[in-house]
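# Tertiary structure, described
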Amino acid sequence: MKHYRPFAWMMAIAIAGTTVTACSLDGDDPEKPFVICPEGKTMLYACGISEEGTRSINDVQNVLFTEDDIEWFNANTREIKFREMNEPLDKRLEPFHKIKFYLGDNALFVVSFVCDWDSRVYTDLVLHYDIVSDPNQAHYYLQDSYPLFIDTDEVKENIKKNAAQWELFTYYLESKGKLRR
């Protein structure tokens, strides 16, 4: 992990020095997907990806949450705690099987949205909605696989592939005072 640290710092500095410029779409050009602007500053946010594999051009609701909706992220357990929202987060996430995390204009990673009752196996990043362990309160976890006990070469390779993005993700949340260890 230490050899990724200089790269992550350079990425963080480069991203912090940029601002969001393109905030709307003046046509049906699929090369420029619609993104709700973080208004002049770099912001962490996540968008739902439609079944066709692209963010919806006209659907403003595809931004599922931003850094303002995140209370904290625990780097050890990988639990991500969200603030109360007008609509429960699981209902917002429900129509999407994939969620893409962004930091400003830069995509960090894509995760699959899974729930406790999901019987499929995932060997890459997931946003796990856990309602079984505490039925009175939902818990969300960013995990390397689902179920968590999968320990294959493919999972290990994906962990390596995502290491720099994880470093940047945790560094950014730490800079906002939202990282727990």
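Notes on the structure in this doc start here. Since this is a predicted model, take the numbers as computed values, not measurements. (Residues numbered from 1 in each chain as written. Predicted model: local features only at pLDDT ≥ 70, side-chain atom pairs only at ≥ 80, totals over all residues. Heavy atoms only, no water.)

### Thoughts on the overall build of the protein chain
Broken down by element type, the protein chain carries four helices and nine strands. Reading the helices (α) and strands (β) of the protein chain from amino to carboxyl end gives α-β-β-β-β-α-β-β-β-β-α-α-β. For the protein chain, buried positions account for 46% of its 181 residues. Counting only contacts in the protein chain whose residues sit at least 6 apart along the sequence, the fraction spanning at least 24 positions is 53%. A total of about 10,500 Å² of accessible surface is found on the protein chain, and carbon and sulfur atoms cover 51% of it. (Helix = DSSP H or I, 4+ residues; strand = E, 2+ residues; numbered from the N terminus. Buried < 20%, exposed > 50% of the residue type's maximum accessible area, 1.4 Å probe, protein only. Contact = heavy atoms within 4.5 Å. Areas by Shrake-Rupley, 256 points an atom, 1.4 Å probe, with all protein chains shown as cover.)

### Quick look at the pattern of salt bridges
A complete count under the given rule lists eight salt bridges for this structure. Here Glu67 ties to Lys176 by a salt bridge, and the two come within 3.8 Å at their closest N and O atoms. A residue pair is termed long-range when its members are at least 10 positions apart, and Glu67 in the loop between β2 (63–66) and β3 (70–74) and Lys176 in the loop between α4 (163–175) and β9 (179–180) qualify at 109 residues. For Lys176, a relative accessible area of 38% translates into the label partly exposed. (Salt bridge = Lys/Arg side-chain N within 4 Å of Asp/Glu carboxyl O.)

### Description of the sheet that holds β9
Note on sheets: strands pair through backbone hydrogen bonds, and any given pair is parallel or antiparallel. Read from one edge of the open sheet, nine strands run β2-β1-β5-β6-β7-β8-β4-β3-β9, paired in mixed fashion. The open sheet has two edge strands with one neighbour each: β2 and β9. Note that β3 and strand β4 (residues 79–82) share three bridges and pair antiparallel. Residue pairing for β4: Phe73 is matched across the bridge by Ile80. Contacts from α4 reach β1 (44–49), β3, β5 (98–103), β6 (106–115), β8 (139–143) and β9 within the one sheet, and its direction differs from that of β6 by about 95°. (Pairing = 2+ DSSP bridges. Axes fitted to C-alpha atoms, helices over the stretch in contact; angles between N-to-C directions.)

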